[in-house]
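Each chain, written out:
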Amino acid sequence: MAIERTLVIVKPDAVAKGVAGRIISRFEEAGLKILAAKMVHLTKARAAGFYAVHKDRPFYESLCTFMTQGPCVPMVLEGEDAIGRVREIMGATDPAKAAPGTIRREYASSIEANAVHGSDSPESAAFEIPYLFSTPEIFPRS
Ligand code: IDP
Ligand code: MG
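Residues numbered from 1 in each chain as written. Chains lettered and ligands numbered in written order. Predicted model: local features only at pLDDT ≥ 70, side-chain atom pairs only at ≥ 80, totals over all residues. Heavy atoms only, no water.

Draft legend 1. Quick look at the site of ligand 1. Looking at ligand 1, the residues that line it are Lys11, His54, Phe59, Leu63, Arg87, Thr93, Arg104, Ile111, Glu112 and Asn114. Note that an oxygen atom of ligand 1 is positioned 2.8 Å from one of the side-chain N or O atoms of Arg87. At 2.9 Å, a side-chain N or O of Asn114 approaches an oxygen atom of ligand 1. Starting from 530 Å² of accessible surface for ligand 1 in isolation, the protein chains cover 81%. Its residues placed into classes, the shell around ligand 1 shows three nonpolar, three polar and four charged. (Near = heavy atom within 4 Å. Polar contact = N/O pair within 3.5 Å; in protein donor to acceptor, adjacent residues only side chain to side chain. Areas by Shrake-Rupley, 256 points an atom, 1.4 Å probe, with all protein chains shown as cover. Nonpolar A, V, L, I, M, F, W, Y, C, P; charged D, E, K, R; others polar.)

Draft legend 2. Spatial organisation of the sheet that holds strand β2 (residues 33-37). With respect to topology, four strands assemble into an open sheet ordered β2-β3-β1-β4, the strand pairing being antiparallel. Edge strands, defined here as strands with exactly one partner in the open sheet, are β2 and β4 (116-118). Strand-to-strand, the axes of this sheet are offset by a mean angle of 25°, without reference to chain direction. In this structure, strand β1 (residues 3-10) lies alongside β4, joined through three bridges in antiparallel fashion. Across the sheet, residue Ile9 finds its bridge partner in β4, namely His117. (Pairing = 2+ DSSP bridges. Helix = DSSP H or I, 4+ residues; strand = E, 2+ residues; numbered from the N terminus. Axes fitted to C-alpha atoms, helices over the stretch in contact; angles between N-to-C directions.)

And the structure:
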């Protein structure tokens, strides 16, 4: 068990539906601390770089288009085992397979428009956090 930081994005579908606040509340209610948050409309190039790990997957182009269809809300969350706990609270990638009570089960529209992103490992978090936030945008809290 360790204190971790993870990169979460409330994706454009969830912002457009007006459920960003409810999604953010799930993380706060779980005791995770918001160290950084903003609204951004990603460019295609910025989305492509963020998801570069998926560049050979068949859904890559469509995913990058989806992530640029409107503004999203990236955040840095911190807490005990934050990376794994966020993934549990989010639920499976495909909302049809996501457990009851998870964010994706409740708010995702499809396997692509699935409401939320969360880093999948410490290595991913170490890439994704500085990809979207500069150091002065992150507010350490005790
Ligand atoms: P994750 O977000 O649960 O970690 P990944 O496999 O890393 O899932 O995929 C990244 C994102 O790509 C997903 O959250 C979803 O938006 C999209 N995606 C994943 N698999 C598919 C698919 O089969 N079709 C369309 N989009 C997909
Ligand atoms: Mg992933």
